[in-house]
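Structural overview for review
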Protein chains: 4
Amino acid sequence: MAIEGSKNQKNTGRIRYGMVGGGQGAFIGAVHRIAARIDDKYEFVAGALSADAAKAKASGEELGLHADRIYSDYKAMAKAEAARADGIEAVAIVTPNHMHFPVAKAFIEAGIHVICDKPLSLNLKEAKALEALLKKKPNVIFALTHNYSGYPMIRQAREMVENGELGEIRLVQGEYPQDWLATDLEKTGQKQAAWRTDPKRSGAGGCVGDIGTHTYQLGNYVSGLTAIELSAELTSFVKGRKLDDDVDVRLHYKGGAKGHIWASQVAVGHENGLKLRVYGTKGGIEWVQADPNYLWFTPLGGQKRLITRGGSGAGAAASRVTRVPGGHPEGYLEGFANIYSEVAQAILAKRTGKKLDKAIQFPGIKDGVEGMAFIDACVKSSAKHGKWTKV
Amino acid sequence: MAIEGSKNQKNTGRIRYGMVGGGQGAFIGAVHRIAARIDDKYEFVAGALSADAAKAKASGEELGLHADRIYSDYKAMAKAEAARADGIEAVAIVTPNHMHFPVAKAFIEAGIHVICDKPLSLNLKEAKALEALLKKKPNVIFALTHNYSGYPMIRQAREMVENGELGEIRLVQGEYPQDWLATDLEKTGQKQAAWRTDPKRSGAGGCVGDIGTHTYQLGNYVSGLTAIELSAELTSFVKGRKLDDDVDVRLHYKGGAKGHIWASQVAVGHENGLKLRVYGTKGGIEWVQADPNYLWFTPLGGQKRLITRGGSGAGAAASRVTRVPGGHPEGYLEGFANIYSEVAQAILAKRTGKKLDKAIQFPGIKDGVEGMAFIDACVKSSAKHGKWTKV
Amino acid sequence: MAIEGSKNQKNTGRIRYGMVGGGQGAFIGAVHRIAARIDDKYEFVAGALSADAAKAKASGEELGLHADRIYSDYKAMAKAEAARADGIEAVAIVTPNHMHFPVAKAFIEAGIHVICDKPLSLNLKEAKALEALLKKKPNVIFALTHNYSGYPMIRQAREMVENGELGEIRLVQGEYPQDWLATDLEKTGQKQAAWRTDPKRSGAGGCVGDIGTHTYQLGNYVSGLTAIELSAELTSFVKGRKLDDDVDVRLHYKGGAKGHIWASQVAVGHENGLKLRVYGTKGGIEWVQADPNYLWFTPLGGQKRLITRGGSGAGAAASRVTRVPGGHPEGYLEGFANIYSEVAQAILAKRTGKKLDKAIQFPGIKDGVEGMAFIDACVKSSAKHGKWTKV
Amino acid sequence: MAIEGSKNQKNTGRIRYGMVGGGQGAFIGAVHRIAARIDDKYEFVAGALSADAAKAKASGEELGLHADRIYSDYKAMAKAEAARADGIEAVAIVTPNHMHFPVAKAFIEAGIHVICDKPLSLNLKEAKALEALLKKKPNVIFALTHNYSGYPMIRQAREMVENGELGEIRLVQGEYPQDWLATDLEKTGQKQAAWRTDPKRSGAGGCVGDIGTHTYQLGNYVSGLTAIELSAELTSFVKGRKLDDDVDVRLHYKGGAKGHIWASQVAVGHENGLKLRVYGTKGGIEWVQADPNYLWFTPLGGQKRLITRGGSGAGAAASRVTRVPGGHPEGYLEGFANIYSEVAQAILAKRTGKKLDKAIQFPGIKDGVEGMAFIDACVKSSAKHGKWTKV
């Protein structure tokens, strides 16, 4: 178990980081902060937690930031922090989607590592611009918090695919049903619902951008496959909603495998029902986010087996990111923390100039561009009645 | 509980029935015979259990048929039985698909009720011919054994939809993964695999015909919806296979609801994983065939609830077809028997000229034609890269 | 698959049987009749379905019995049927417990095979008297419907224990929670509750006799162990109840293994929650009656595996009593039918003088006496504050 | 959501704490440290992480402690820290059981708050001595990490019992099967196994002390009941083992309710299978540690319902200790962190002299003494063949 990943830490100390977004009333900012704390690899020292100065101040004070490191302007923050000797080495971006691009751009240009919430940006154009920018800044690490890929049993699944335990992959079945938008919640003033159903802040994809991309990224990560074309149908079931609240996608992967994604925000009875199933010529696997410590594996012609995090059958990839013994469940925050800790190791490797161990994995700009291309293709395909569209 | 449905039985006795197909080595014939016996509403008295005379004789003797009621020619059987005073009132057709049409035709023309295995026929043309024939024979009852609609919790689900407990239906999600054809089993001489992957005996649909139709019928039955158009992708993952072994279908229902079906014969880890989920504006339900005594229901904003067969929350429609108390599981054979018993009551109503109680329900020619139209549309849509196709 | 076990049937025909008890309003009688029909090995021809002549007549007619084979006096029935050339070969006894002994005695003395519902009798004395009687009547087969031992996955479990797959057995954990007697239902006139909570008709054990014995028999059957002493606590949680509605038992098995049984009729949330777990030095298994097609097996140090009825890992013992493929659930009635069909094969072997195949298994007088000794010891132990008591 | 419980934090800052035990190679120390970090209410500043000076130094450095706050002698640490202006306010004790008492005593006497791992001490005598000491030190807070009582759904269960939703409690069923000691692991040199099976370091109870006490405490916490007497059987299934590896306990609670606990370390197939079921006159609940975000509740006569952490039906007690939305699982570490955060609030209340909100709950000396009395009574009862023994 890699508790507190202490070997590097001893000599290097924690990574100083800041945050843009995530002030009072926000949701995902607090998740990022806990994720950064769990393995004790980060120190939270600066923030532009809100664009509203008063709120930024109140939020920063509540979180114990020093007065001179509480900002309301992310540009000012990037500039000031880059100039300090003890300035932040990394920034977490936890704003609504439309702010991902400008904020990321500012910090990348300032030479500060970026940990950005997903999806990457408002549109594919921005995504490609960030990709281009990062090519010019090879020393800046860019991570995208597709946090589900941090779950140990997802690492296990990927490892099993890589090891050929499933044979040649035929089918990737992903689904992510939720029900929190089954009514027009956005009209009640609920903040999360408001921006997520607003094209100006969310981009052209609603459900497809928010949870469809997660599902797509997870399928790609586990299967090791890349989609070449897709056919999608986006639906807004709730009257008056400006973005899709349900999406059905067919995928053609390179090499002949096929995939299917269903994501929905109106499927009554589901909280965060992310589920991934992958079928190959030699076996099939099944994983469900709500019970993330279990991976079901059936070898062709054999019995279904339960591989548990920390238990029999869990291999090296899962063990690396496991903290407590099997039967003691880890959850969402630990999965998220794994992404943060992987990034920390990458940052430390940069510091020391060491080559990064291949085992250390986190989603980055490639996943981000692929995700935006996925949203873009889904929206286009759906507008043409599900026409097959290149990704 | 409607055990032995005795009220009618007292005066009328059991229904004499025969069978075409289902001799030694077959699978579904024995299932039909058990289903017919469970509620004691039928008497098995005649059979053309095989087209091979020796096998027909051996099979018939084994099952205790009198020598003069063992046939190898279904036409001879239809003729002889129709002529006898104690001739069969109904015939069960349990042959491969290509024989459904000619056998059904012969018995309908002879005025004998038909209980036919699904899918209805080899193609849509035959289906419509049978439909036309039945219009000319209004006294002949035609039942199609979409047996899953006989499960008590499926009746419960339909009743809840009818009662508006789910509100307006938005989404119907059906899936039916299996794995028995994950390899080229048909090349090993396995009988079931051989005819089911052979277009001459199965028709133009493989997986879509065998289990896709079941899923489609079940979704329609529970939701009360009718599909108007669909987009399908049929795949043959196993090299050299002549028919599809995996199918992905999008459905547009009348009124704006949408549906999705995934059926597969190559999804390693699944035996008969039929699952149906229906989501409306007020609630969602979930049912799985492998655990058929449970129906999960979530009212909008409420907690997920477990309705059990025979338990709290099970209404009149489920209770009618329930034999044993909650917690004592009923299974596949009881669900199948419910179809048989419903048909028996319809036949008895015919005998006595009484009007059939609306509560008595079984799939018939309408389901059969819809099923063949579904297969036909899927095949056509898939050939055109998933083009939306009228059903 | 042993569908319709036809080899014997061809030459011998069905077994003629009758029933004592099980008239209109009863529960378990109908279960026995369905169980007898499922595999088509029995013909129901006579009955003393009630001690009330009018009710016996109405019940018999409803079930299609000939007028001259409808009795209200079981002694008259035993005598008359024994005298007929076409008399019954077997009788099913489905009365409340207090009638098991006199009825069984009458039919055994008349040379008629007996299939008796459990528990065997009102007390241990009667049980031993029946045992003695059967020793004098070696040609009479006596079966006790501990139906749970007929489930295929229970056969599988027993076979695995016999084959040493669990190593030396250490622990047998059985539980059977129900909730139907959580209130004083017996005071509402509910028939089932009335006799089951009445010592005159049920015997000295309430919950312990009704479901405790089932759990005990099942543990013994699967583990192959015999209890030598026990410590029990019987409780009547519902005020005014004359018999126990909850029982907790510790068991010491011969050879050092230990067991525990908890059965309850007041555990709100459980319908028929029978569960058996057996742990040995090399592995552990778990089975739940509500989902009877699954057997969970964990080899020491390995992953939990799901053995399914009809699926991978199911051995000969389970396959013998399996009718439909894996994933198509069988249930309570099929398990019950397996007992009936096993008994039928024993009766046919008697007819033909053949030795019974060791694979054919059903609970009999030994289980019955052990069950009564179990109840007896539980009642005595509980009266002495859980003192260890010989079984 | 009480993320970062920031209201108090704003003015008061983090609590400085140290640790005794938990150096390199230990397990539970790292769990405590993560638990302390998750909500950012603690700062780790001192430690006697090992009694071995070199190991203490290496461990302390790895964890970033200043050289002058790395100790190998807990007495020296208590003295030095009490003397510092910036000394620790609390200490976490994560040694094997035999060291709990002397370490706790030293820090309590030094006026430092204690967070101690369970069970409280080596024996009941020590427990009572600590209790007496704490009475003399009313300003010292003592917490015992019965961490399972920190799970939100356990809080929910307790709240439901308090609110009368289960009616009068009749039965408490707790079980905690594991399998890690199914072989004589202690003979292989495995550190955890070695001390846990050694009476000198563990005390008189093995399994009963390690996980039996957890189960007992959890049942008491949720039900609000106190046991007055018990009957226990302790078994050592593995040859040569000095302490019990399996325990079966009957409990009589004040007021007439009964309880049962089964804990085992040899139940092959279980990792940490803690499960609690409570049944009352009006309802029953069920909770399983491996899936801690679910609480199953069945009201008498109603349907089983799934209450989820963060979802519909979760009340105030659960919401207080919830971080992420329903469907995003929290786990073992978050439950543990809840205990830490509750204690932090108690410490902050001490600082400011405010009265502690009744909603803030954590296990303390009372639970500790009760746990030791439980072990003591179990050992005594078992020695007398399960004689009922006062707790």
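Residues numbered from 1 in each chain as written. Chains lettered and ligands numbered in written order. Predicted model: local features only at pLDDT ≥ 70, side-chain atom pairs only at ≥ 80, totals over all residues.

1. Structural notes on the overall build of chain A
What chain A contains, in helices and strands, is 13 helices and 14 strands. Along the three orthogonal principal directions, the C-alpha set of chain A runs to about 65 × 50 × 40 Å. Taking all 391 residues of chain A together, the buried fraction comes to 63%. Taking the contacts inside chain A whose residues are at least 6 apart along the sequence as the reference set, 70% of them involve residues at least 24 apart. (Helix = DSSP H or I, 4+ residues; strand = E, 2+ residues; numbered from the N terminus. Buried ≥ 20, exposed ≤ 12 C-beta atoms within 10 Å, placed from the backbone. Contact = placed C-beta atoms within 7 Å.)

2. Brief notes about the domain arrangement of chain A
Note: interface size is frequently given as the accessible area lost on complex formation between the parts. Residues and elements named next belong to chain A. Split into domains, chain A comes out as domain 1 (3-147) and domain 2 (151-325 + 367-390). Across the contact, 18 residues belong to domain 1 and 21 residues belong to domain 2. Sort the elements by how many residues they give to the side of domain 1 that touches domain 2 and helix 6 (residues 124-136) lands first, with four residues. Here the side of domain 1 that touches domain 2 is composed, by residue class, of nine nonpolar, six polar and three charged. (Domains from an automatic or database assignment. Nonpolar A, V, L, I, M, F, W, Y, C, P; charged D, E, K, R; others polar.)

3. Examining the interface of chain C and chain B
Tallying the contact residues gives 34 residues for chain C and 34 residues for chain B. When contributions to the side of chain C that touches chain B are tallied by element, the ones reaching two or more residues are helix 1 (6-12), helix 2 (28-38), helix 3 (53-62) and helix 12 (332-352) of chain C. The element best represented in the side of chain C that touches chain B is helix 2 of chain C, accounting for five residues. In terms of residue class, the side of chain C that touches chain B is built from twelve nonpolar, eleven polar and eleven charged.

4. Here we look at the relation of the copies chain D and chain C
Of the transformation superimposing chain D on chain C, the axial component is 0.0 Å and the angular component is 180°, with the fit at an RMSD of 0.0 Å. Such a turn and shift between the copies fits a two-fold axis. When you check the interface residues of chain D against chain C, 100% turn up at the interface there too, and the contact is symmetric in its surfaces. (Least-squares fit on C-alpha atoms with pLDDT ≥ 70 in both.)

5. Thoughts on the nonpolar core
As a rule of thumb, soluble globular proteins bury nonpolar side chains together. Formed by 244 residues in total, the largest nonpolar core has its most connected members in Val91(B), Cys378(B), Val91(C), Val114(C) and Cys378(C). Among all residues touching Val91(B), those that are not within four sequence positions of it are Tyr17(B), Gly18(B), Met19(B), Val20(B), Phe107(B), Ile112(B) and Val114(B). By size, the runner-up hydrophobic cluster in this structure holds 242 residues, among which are Ala56(A), Leu274(A), Ala46(D) and Leu234(D). (Core = buried A, V, L, I, M, F, W, Y, C linked by C-beta atoms within 7 Å.)

6. As for the relation of the copies chain C and chain B
When chain C is fitted to chain B, the residual RMSD is 0.0 Å, and the transformation amounts to a turn of 180° plus an axial shift of 0.0 Å. The residues that chain C uses at the interface reappear at the interface of chain B in 100% of cases, marking a shared surface.

7. As for the pairing of strand 8 (residues 246-253) of chain C
Burial analysis of strand 8 of chain C places seven of its eight residues in the buried class, which makes it a mostly covered element. The turn joining strand 8 of chain C and strand 9 (residues 258-264) of chain C, which pair antiparallel and follow one another in sequence, is formed by four residues; a positive phi near 100° is taken by Gly255(C). (Pairing = 2+ DSSP bridges.)

8. Let's talk about unusual backbone geometry
Cis geometry marks the peptide bond from Lys118(A) to Pro119(A); its omega dihedral reads -10°. A positive phi is found at Asp40(B), a non-glycine position, where the angle reads about 60°. Structurally, Asp40(B) can be placed in the loop between helix 2 (28-38) and strand 2 (42-48). Its identity as a non-glycine residue notwithstanding, His385(D) has a phi of 60°, on the positive side. The topology assignment puts His385(D) in the loop between helix 13 (365-383) and strand 14 (389-390).

9. Points about the environment of Asp179(D)
All names here are of chain D. Tracing the chain through its elements places Asp179 in the loop between strand 6 (169-177) and helix 8 (191-196). Look at Asp179 and you get buried, because 23 C-beta atoms sit within 10 Å. Counting along the chain gives 134 residues from Asp179 to Val45, while the straight-line C-alpha distance between them is 37 Å. Other than its neighbours up to four places away in sequence, Asp179 contacts Val266, Ala267, Val268, Gly269 and His270.

10. Some remarks on the confidence of the model for chain A
All names here are of chain A. Summing up the model confidence of chain A, the mean pLDDT is 95 and the portion of residues at 70 or higher is 97%. Here residues 1-11 is modelled with pLDDT under 50, and outside its nearest four sequence neighbours on either side it reaches 23 contacts, counting other chains as well. Overall fold confidence for the complex sits at a pTM of 0.96, while the interface term, ipTM, reaches 0.95. (pLDDT = per-residue confidence, 0-100.)

11. Notes on the sheet that holds strand 4 (residues 113-116) of chain B
To summarise the sheet geometry, strands pair through backbone hydrogen bonds and adopt either a parallel or an antiparallel arrangement. All names here are of chain B. Taken in spatial order, the five strands line up as 2-1-3-4-5 in an open sheet, and their pairing is parallel. Because the sheet does not close on itself, it has two edges, and the strands there are strand 2 and strand 5 (142-144). Put simply, the sheet's adjacent strands are angled 20° from each other on average, direction ignored. The pairing of strand 3 (residues 90-93) with strand 4 spans four bridges and is classified as parallel. When the bridges of strand 4 are listed, Ile93 appears paired with Cys116. Relative to the sheet, helix 5 (residues 100-109) contacts strand 1 (15-20), strand 3 and strand 4, its axis offset from that of strand 4 by approximately 160°. (Axes fitted to C-alpha atoms, helices over the stretch in contact; angles between N-to-C directions.)

12. Digging into the interface of chain D and chain C
Taken residue by residue, the interface counts 28 residues in chain D and 29 residues in chain C. Breaking the side of chain D that touches chain C down by element, the ones donating at least two residues are strand 6, strand 7 (227-235), strand 8 (246-253), strand 9 (258-264) and strand 11 (283-288) of chain D. Sorting elements by how many residues they give to the side of chain D that touches chain C places strand 9 of chain D first, with four residues. Partitioning the side of chain D that touches chain C into residue classes produces ten nonpolar, ten polar and eight charged.

13. What about the sheet that holds strand 1 (residues 15-20) of chain D?
Residues and elements named next belong to chain D. Strand order in this open sheet of five strands is 2-1-3-4-5, and the pairing throughout is parallel. On the outer flanks of this sheet lie strand 2 (42-48) and strand 5 (142-144), each paired with one strand and no other. On average, each strand axis in the sheet is inclined to that of its neighbour by 20°, with strand direction left out of account. Of the strand pairs in this sheet, strand 1 and strand 2 are connected by six bridges, and their pairing is parallel. The partner of Arg16 across the bridge, within strand 2, is Glu43. Docked against the sheet, helix 2 (residues 28-38) engages strand 1, strand 2 and strand 3 (90-93), running at close to 155° with respect to strand 2. The sheet contacts of helix 4 (residues 74-83) involve strand 1 and strand 2, and relative to strand 2 the element is tilted by about 135°.

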